Amino acid sequence: MSPFRVIAIIVGMCTLFGCYHATIETGLTPSATVINESFATGWIYGLVPPSTVATASKCPDGVAKVETQLSFVNQLVSFITLGIYTPMEIKVTCAAKSSAMIHGQSPDFILEEGASMDEILKIYMRAADLAVAAQKPVYIDY
C-alpha cells in the first residue's frame, strides 16, 4: 500500500468516528429538570432539521442550556441510511425558578397577576420614563 492511501484511510476513519457537539447557554441558573431526546428525527444529512422540542410546559421558568450532538450511534444510523435519516441527540436543561433578583438587581416595578390593561400601560409608561431619566435598564417583574 502506498503511504498516500494509508493516510487517506486513517483520515477517513477519524472523520467517521468524530462526533458533532454544540452547546448554547442562556445565562440562567440550571435546574435538575432535563429533557432528553436521543433520536430527534432529521432528514437528508440534517438539511431538514428535527422538530422543535416542546419545553414551555416542562420548563416554566425558561431554558438554561441546550446541547445538540451527533453521537456515534446517530452517525452510524445516518451512514447505514446513506444520510437520508439523520437522527440527532438534543438535551435541554430547564432554568431554576428565579427569585425577585434579575442579574443581581431587584425589579424596579412589579406587575401583579391579573392586572388590567390600564394598570399594565401605566407600569410600562412609568418604567419607560425611569429608563430615560436614569439612562439605564429598568426591570419589571411579572
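The structure this text deals with has already been given above.
How each quantity is defined
- Residues numbered from 1 in each chain as written.
- Predicted model: local features only at pLDDT ≥ 70, side-chain atom pairs only at ≥ 80, totals over all residues.
- Heavy atoms only, no water.
- Helix = DSSP H or I, 4+ residues; strand = E, 2+ residues; numbered from the N terminus.
- Buried < 20%, exposed > 50% of the residue type's maximum accessible area, 1.4 Å probe, protein only.
- Contact = heavy atoms within 4.5 Å.
- Polar contact = N/O pair within 3.5 Å; in protein donor to acceptor, adjacent residues only side chain to side chain.

So, about the environment of Ile123. Along the chain, Ile123 falls in helix H3 (residues 117-134). On the basis of relative accessible area, Ile123 is assigned to the buried category, the value being 12%. Ile123 sits 14 residues away from Phe109 along the chain, and the two C-alpha atoms are 7.1 Å apart. Contact partners of Ile123, with chain neighbours within four places excluded, come to Phe109, Ile110, Leu111 and Ile140.

This next bit is on the environment of Thr86. Following the sequence through the fold, Thr86 ends up in the loop between helix H2 (72-80) and strand E4 (88-95). Given a relative accessible area of 9%, Thr86 falls into the buried group. In this structure the C-alpha to C-alpha distance between Thr86 and Leu70, which are 16 residues apart in sequence, comes to 8.8 Å. When neighbours within four sequence positions are excluded, Thr86 is seen to be in contact with Ala40, Thr41, Gly42, Trp43, Ile44, Tyr45, Gly46 and Ser78. Within the structure, the side chain of Thr86 is placed 3.1 Å from the backbone oxygen of Gly83, a separation counted as a polar contact.

Distances and angles like these do not, on their own, reveal function.
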